Structure formats: structure tokens, C-alpha cells
Amino acid sequence: MTIIQAADAAGLNELKIPRFCYHPDLPIDGNCRMCLVEVEKMPKLVIACNTPVTDGMVVHTQNDRVKEAVRGVLEFLLINHPVDCPICDQAGECWLQDYYMKHGLYQSRIELGEKIHKRKAVDLGPMVVLDSERCVHCSRCVRFTELVTKTGEMAFFNRGGHVEIGTIENRPVLNPYAGNIADVCPVGALTSRDFRFQSRVWFLKFTDSICNGCSTGCNVRIDHKTGTIYRMVPRRNVDVNKSWMCDEGRLSFHTLETVNRLLAPFAKGPDGQLIETEFNHAVDQMDREIGETVSKKGVGSVIGFGSAGATNESLYLMKRYLTEKHGVNQFEFRLEDEDKKVEEREDDLLRRTDKRSNTQGAIALGFADAALGGINGAAKAASRGDLTAAVMIYHPKLIHDLSGEAKQSLKQFIDSLQFSAILTPVRESWMDGASVLIPIGSWSEEEGTYTNFNRAVQRGGRAFAPKEQAREAREIFAELLGLQRPGYFVTQAEEVFTEMAEKVPAFTGLTYKGLASNNAKVPPPEGRYW
Amino acid sequence: MKNSDFKTINVTERAEAQEKNANPFLETVKGFGFTFKRFLDHVTGAEDHLISYPEEKRPYSNRFRGTHILTVREDGSIKCVACYMCATACPADCISIDAAEHPDKSIEKYAKRFDIDMLRCVFCGFCVDACPEEAIIMSREHEICEYTRDTTIYGIDRLMNRPQAVDMGPGYRPNYPMIESKLPFTPAHPDPDKAGKPVNTTPKKK
């Protein structure tokens, strides 16, 4: 363990050792010389990132010698740095700005006209824009492309003050993790093309959440402002995704901007067309019709169809509502054999073939009916007449759309049923035959937990309230069950999770607050060795 | 310095002495006399502070904080690089900016949309103080009544060119005269201190 790792592990936020080239998930380089510290009994200042700690070591990070050295390093780095702060996207989260305000504040000895000029606003592919003048040559991008994605696009060119970062012949960076290059760059040399000029970072609010792109469940931070998401940035989680995130997942928040959102409840009118209705009427109609179907046709004619993209809490409350209030005992969730694909890797790094975030959670909560085997079985049972009513939660896939066969099966399923209530954030054509459509919040509008491929349960936060008339799915079922405490509008996800931990055997021993640790795992289902 | 070096006045004693020695009728007549004297001054024209607005207007100072002007570069294009400093500094949250990519790589960023909600603006001048590019200044225009609310949000076109700003001239700006940028119009008076119709404000007291 090196001094810088020990300092970070001890959580020294105020005394944080400044660094540019050190990254916890990249090999140590030691070229920036910003992390210089004084170690007693060592004559010269040493870099904290590559000096192993020993017993009895005394390290000074704040004395005059260290401060002068750090200011000197900063001055060297800023010799040719352009005065780009007004137009640079990194302003507000730029390490040069932060370290200058904390350790610099000197009078510059370089005239503006003497600075070396390099290439600006170079297009390096669909995810990255390069500005060589702003580079501090920390080699984080070089080490990332060399050792994480193993594609080796970025390299240094020229020497001395003319060193430039770039790709050979300005070729675009086309690996599927190129968005992380803009994340690792501590200054505005490599910036995200998707986020370019969209907003200043100090206007954005940050919410910790889980990416709903695939079953890996990378930890992300949603950056948003007034109900619009501007970008997603990975959070560090050593067990799940280190500090990285794939490009598809990074851009997955754009899917919900282009898709047709369901913003008001609809119910089938007398002529068979869906017309807009009141929220309470729609929910009451669903409750009433399911009760009537159970009493007339028996419990076996109703099914609860969950979604592999829904949170654990909403699935649990849906199941509890249907079993307790109506005695339903058939549950399904599979649209494309998610349970077979959930652990399958798509590449060596992060991506998985199952583009759903909570498949393991749905399995653990008992939504995999052995007899039906998925939407195909359910559609056949419905057309046979064995199933006459269903309550369904549907979340769209964020990466790649649902396959044509799945949509056909869904349409056949909905059209064959006499009564179907779909809780969904989007409006798709196969829903036209449904009886009731209830709008719910999408993944960024609902708080809850997701279980990733490795059965680790992770907390996803809520960035902003559901749009217009939509509500969180967990809340709708909590209200139907009468769980809401007087005077409170919302049933907290934490309360539902605590109840889940008591009632569902798979979640025993987990606590909502303890979900950050990697011991928060759901055990494998019986008879399976995952 | 000793206490005795200062002339001390005991205000309570002085008030009591005045009250004791005052003749209430005389004091009232003195007050009336002062009012009458001022009345005669105005009637004879010795003092005349009235101006016939709107034909005559008072000229405001070179540092007057009126409505905003977005300045231009030498070639006439907008100087603003959409750094959002003004939007961040504004205490009334009235500036909305959309940035866009400039075709010239050395400029790189410019403001595609720059709206100031004049009904929210408190004319504090923080935006002018915050701007690093001398891109936003204030004019001496202050007569900005509108008939409907939708015309009170000034966009880029209106911020760069208004007949009244041309007449009244520029006001609050970072450098007098401007160093990095220039006005988007030619002011009606080349000497900004003479903008606005002159008015006689010196009293003709003898």
C-alpha cells in the first residue's frame, strides 16, 4: 500500500494529497509530481503514490516545504495552459482550478503571447473531444486505453513543451468504453461530446443510482436539472464496475427522451378505444375487475406479470397485493428468456447480454412460473382461455429495443385477455388492447433496489418526481394495500425493503442502509449453482 | 486631547432653554415666513427645478445601470462566449443562456440564445462585474414599459439593438472606454456624457 492509498483509505478529505496521474483503478505512473510529501528521515520529498508505507513512517503533507513544491509543480503545469476557463466544459470540476485555488494563487510569470499553441477542439470519435493545449500530460487516458480496454488508441506525441496527447492520424476512438476517457481526464483536454456545452456543472444536481442498461448494474451518478437528465457518470464500486461504465449504458438515459411517455391514465371506453381517465378511477377499476374475475372464474385465471426492469420493492408489493387481496398465485416476468441470459457476458469488461437490471431480483421474489415459462407460454394460455385477467408492470429496455417476437407475444397476450391493467411509463402499440393503462415513473423517477447478475442488491436513487400524472409503482400498490401511514404521502422504499427482508427468504439478513457493502447478496435459488 | 478640548452641547438643556424662551406665536410666524419666501423664489424664477419631461430629460451618469447591451467583436459577431458567469452571479436568476459550437475553432463557443427576463432583473450590475469578456454592459436606457408580459423577456436581437439605447448611450461597463469589444450600434452622441437632451438644473440664486 502506498502513502496516497493509505491517506485515501483514512478518508483525509481536508488534507487530501493533490494528484493528477494517480487513479485507484489504473497502474501507478508517478509522472505528475503533484503528490509530493515529506517523509521524516528521507532527504528529498517523495511522491506519495509510489512510496510504500512502512511501520513508524511519519508523513508531512502541509508543511512549508511541501507547499512550495506543490506550488512549483502547479506553476510548471500552467506555463502553457490556455486561458480557456470561460469556454472549457470542465470548469467547476477541473482539478487545475481546484488545486490552483487551494495550493496556487501566485502571480504568473508567463506572458499570454509566449504560450505554446496546440490543436484545439479535435474530433476523436462519437464520445470524446480533444483539446491538446489544456492537457497536463498525466497519461491517465494512455493507461486507460492501454490496460483497461486494451485497445491502445491514445498516445503521446512530440517532446518537451510540445508534447501532445492524441490518436494516430486523429483516428476516432471507437472502443465501447470511450466515454470513460472523458471521465479520467482531470482537466478539460478530453471532454464528453454528448455533454458538450449542455450545462455548467454547478447548475446540476447529483443523484446516486444504478444503471438500468444491463444486468451488470454499474453504479452511476445521474446529473440532472429541473427534471431533465444531462449526463450519467460512473461511481466507483470495486466489486461491480470499478470506475468504468460502457458507452451504451452511459447514453441510455436518452432513450426515455425519444420514446412516447405515458403521462395520464387511460381506460377502455364503450367503443373499445382507450380514453383518458382519472387516476383513482383507473386504479379502482383494476382492483374491482381483478376481484370480480377471481370470484367468477377462480384464482387460476389471473396472472401478475412483473418486469425485469422494475425495482424489487414494486415487484414485492405487487405480489403482496395480488396474493393478499385476491389470492392470485401465478406470476411471470420473462419476455426474452432473461433468466437464461442474466449471467452471460457480452465482452470481457462490463457488458452483459441481459439488458435488464433486475432479473435476479424478479427470480428471487418468485416471479418465474415454471409451468408458463415466459410471455410465450402466458400468451398461449390466454388464447386458450385459461387466463382471463392480468396486472402487468412493463418497463422498456433502455439498450436495444424489445425483440419483434416478444412484442408479438405481448400483443397476443393482451388482446386475448378479457381484462388487463398495465402499469408502465411508456405507451407502445401492443398496449392498445389493454383495458387500463396506469402511468408510473421510469427508472430515474422511482427509488428502489435492483439485484444485479451476481445477485448483489444495490440501491437506485430517485432523481426527480415522476412526470405529470405518473406515480411510483411502489406507491400505487402500497396505497392499495393500505400501507401508507396517516400524514405521509409516500411509502419509503426503505420501509418496504425492511419488510421484504423479513418476509422473503431470499432477502433475509439484508438492511437497506447496508446495501453498499458487497455482502448484500441474495442467495441462489434452490437447486441452482450460480 | 482632553474632554475640555471639545465643545460640548447638552442637547437636553438647549431644548429646554429654547422652549422656555420661545414665543409659540412667533415661531409659527417664522415657519410661515419661510414657506412664503420659498413660494416667492419659485414664482419669481430664482429657483426652477421643474423640467418638461418627456421633451426634456435629465442626463444620467456614465456609470448608470440601465438595460443591458450585448457587445460585439470587430467583425460584428456577438462577443459573448456563453461562460455562464452572468447567469451564475445574477441574484434574481433572470439570465437564460444556451451555448453552441462556434465554427471558428479559436473562438469555439458562443451564445445561441441569451434571454434576460427584465421583470426579474434588479439592475444590480453583477452580470457586468462577473463577465470576463466585456460582453455584457448596461446602457442608460431606463424607460422600458411594455403593454404585455411576453415582450419583457429580451432576446439577443433586442439586447444588441434598441433605439433608446442608441439615444441614451452606454452606461455601466468594466472599462471606460471599452477595451476588448465594441458597441453593436453607433451611439447618437459620440461623447457619452452629452447623451440625452440637456436641461438647466443650476439654480438662478443671486
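Above this text is the structure in question.
Keep in mind the model is a prediction, meaning the values are calculated, not measured. (Residues numbered from 1 in each chain as written. Chains lettered and ligands numbered in written order. Predicted model: local features only at pLDDT ≥ 70, side-chain atom pairs only at ≥ 80, totals over all residues.)

Novice: Help me out: how do you make sense of the interface of chain B and chain A in this one?
Specialist: Interface size is often expressed as the accessible area that is lost when the parts come together. Each partner contributes to the interface: chain B provides 12 residues, whereas chain A provides 7 residues. For the side of chain B that touches chain A, the element with the highest residue contribution is strand S2 (residues 95-101) of chain B, accounting for 3 residues. Across the side of chain B that touches chain A, the residue classes tally to 6 nonpolar, 1 polar and 5 charged. (Contact = placed C-beta atoms within 7 Å. Helix = DSSP H or I, 4+ residues; strand = E, 2+ residues; numbered from the N terminus. Nonpolar A, V, L, I, M, F, W, Y, C, P; charged D, E, K, R; others polar.)

Novice: Just checking my understanding: could you explain helix H1 (residues 3-10) of chain A for this structure?
Specialist: Helical geometry: 3.6 residues make up each α-helical turn, so side chains three or four residues apart lie on a common side. Residue and element names in this part refer to chain A. Taken together, the buried positions of H1 are occupied by Ile3, Ile4 and Ala7. Along the long axis of H1, the arc covered by the buried residues comes to 95 degrees, so they all point the same way. Turning to H1, the residues buried within the fold contact strand S1 (36-39) and strand S3 (59-60). The first or second residue beyond H1 is Gly11, which carries a positive phi of 75 degrees. (Buried ≥ 20, exposed ≤ 12 C-beta atoms within 10 Å, placed from the backbone. Arc of directions from axis to C-beta.)

Novice: So what exactly am I meant to see when it comes to the sheet that holds S3 of chain A here?
Specialist: Strands pair in a sheet through their backbones, by hydrogen bonds, and they do so in one of two ways: parallel or antiparallel. All names here are of chain A. Read across the open sheet, the 3 strands follow the order S2-S1-S3; overall the sheet is antiparallel. Of all strands in the sheet, those with a lone pairing partner are strand S2 (46-47) and S3, marking the two edges. Taken together, the 2 bridges between S1 and S2 define a ladder with antiparallel strand orientation. Across the sheet, residue Leu36 finds its bridge partner in S2, namely Ile47. (Pairing = 2+ DSSP bridges.)

Novice: It is not clear to me how the packing of helix H9 (residues 312-326) of chain A against helix H15 (residues 493-503) of chain A should be interpreted in this structure. Could you clarify?
Specialist: Think of two packed helices as two axes; the pair is described by the angle between the axes and how far apart they sit. Residues and elements named next belong to chain A. At a minimum axis separation of 10 Å, H9 and H15 run at an interaxial angle of 60 degrees. Seen along the crossing, H9 lies across H15 with a hand that is left-handed. Contacts between H9 and H15 involve Asn312, Glu313, Tyr316 and Leu317 on the former and, on the latter, Ala493, Val496, Phe497 and Met500. Here the contact of H9 with H15 is built from residues that sort into 6 nonpolar, 1 polar and 1 charged. (Axes fitted to C-alpha atoms, helices over the stretch in contact; angles between N-to-C directions. Left-handed = near helix turned anticlockwise from the far one by under 90°.)

By themselves, these figures tell us nothing about what the structure is for.
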